[in-house]
Amino acid sequence: MRIIRGVVEMQKCCLALKRRKISIGFVPTMGALHEGHLSLIRSAKKENDSTCVSIFVNPAQFGPAEDFKRYPRPILNDCAVCKKEKVDFLFFPAREQMYAKGFRSHVEVEELSDMLCGARRGGHFRGVATVVAKLFNIVQPDRAYFGQKDFQQTVILRRMTADLNFPVTIRVLPTVREKHGLAMSSRNAYLSEQEREDALFLSASLREAAAMIKAGERHSGAITRRMRQILCSRKLMNVEYLAIVNPVTLAPVKRIAGGEAIVLAARAGKTRLIDNMLIAI
Ligand SMILES: Nc1ncnc2c1ncn2[C@@H]1O[C@H](COP(=O)(O)OP(=O)(O)O)[C@@H](O)[C@H]1O
Ligand SMILES: [Mg+2]
């Protein structure tokens, strides 16, 4: 595995691969790798001739009151994990490499970035879209891998890729969960024992929704009401949003017909958790 810290070096390296017709699978991450990331890395390995993983805790996607400083950065362990997975390139740029002095350009995916998570985290998706656009230009992947856990992110990045004609196939892979259903996330490390227990109610509420739909329920309001009841039964749980939305426009849907997404965000204590489910009918 080659560890690359320079933007120009990474770009040159990927250009050389492209000239030799070696396909590149790319997994952008913020590190603190867990099984969710590994599932993306393994798919990238399977579907491409070479694999590049990036680790960059992107300051542009954190709000001023968010956890940029305390975000976990176990870089030595992450390196070992990538080596073990036989990743070919680990791109680990310093902040100044990605945002040089005088940096002024951003990618704005309109409307989609202001809804749901975006309504609570101003500028978050602008930061995400900008860094992913930069990474696409640096790595020039054939395929890029994202987790369904960050559903809105996948919607926005698909939109950006289509709108700006990036020659990249976006692959979205299912959410990897812990034994009792909690969606894996680097931020789960912040949870106290009690919060971790409460956090299980996110996935539990989604399972209840699936059961209601299986039993024939088609009215979004009835489903979200029941889910809210489940979530609010936990004292420490604070629901930020809970909605059933169109999977491309993120517009709320009143009656479901299959293919919509149930999306939710809640706080367990101070930690913000998200989860979602695509409706299969
Ligand atoms: N539980 C999971 N299952 C599948 N993919 C995941 C999971 N958690 C994160 N990912 C994906 O890994 C990529 C990097 O996310 P990152 O922010 O580094 O991890 P996390 O969201 O756990 O903090 C994103 O595409 C994200 O959707
Ligand atoms: Mg994340």
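Small disclaimer: the values here were computed from a predicted structure and weren't measured. (Residues numbered from 1 in each chain as written. Chains lettered and ligands numbered in written order. Predicted model: local features only at pLDDT ≥ 70, side-chain atom pairs only at ≥ 80, totals over all residues. Heavy atoms only, no water.)

Trainee: Mind showing me how you'd approach the site of ligand 1 here?
Mentor: Around ligand 1, the surrounding shell holds 19 residues, and the nearest of these are His34, Tyr71, Lys149, Asp150 and Ser186. Between histidine 37 and ligand 1, the recorded distance is 2.9 Å, taken from a side-chain N or O atom to an oxygen atom. For ligand 1, a nitrogen atom lies 2.8 Å from a polar atom in the backbone of methionine 184. Against a free-state accessible area of 530 Å², the protein chains account for coverage of 95% of ligand 1. (Near = heavy atom within 4 Å. Polar contact = N/O pair within 3.5 Å; in protein donor to acceptor, adjacent residues only side chain to side chain. Areas by Shrake-Rupley, 256 points an atom, 1.4 Å probe, with all protein chains shown as cover.)

Trainee: Help me understand the side chain of threonine 154, please; the structure alone is not making it clear to me.
Mentor: By the secondary structure assignment, threonine 154 is in helix H7 (residues 151-163). Aside from chain neighbours lying at most four places away, what touches threonine 154 is Phe146, Gly147 and Val172. (Helix = DSSP H or I, 4+ residues; strand = E, 2+ residues; numbered from the N terminus. Contact = heavy atoms within 4.5 Å.)

Trainee: When you look at unusual backbone geometry in this model, what are you seeing that I'm missing?
Mentor: A negative phi angle characterises most non-glycine residues, just as the trans form characterises most peptide bonds. Despite not being glycine, alanine 32 has its phi angle at roughly 55°, a positive value. Looking at where alanine 32 falls in the secondary structure, it is placed in the loop between strand S2 (24-29) and helix H2 (35-47). Exposure remark for alanine 32: the relative accessible area of 13% places this residue in the buried category. Phi is positive for glutamine 140, which is not a glycine, with a value near 50°. (Buried < 20%, exposed > 50% of the residue type's maximum accessible area, 1.4 Å probe, protein only.)

Geometry only, nothing functional implied.
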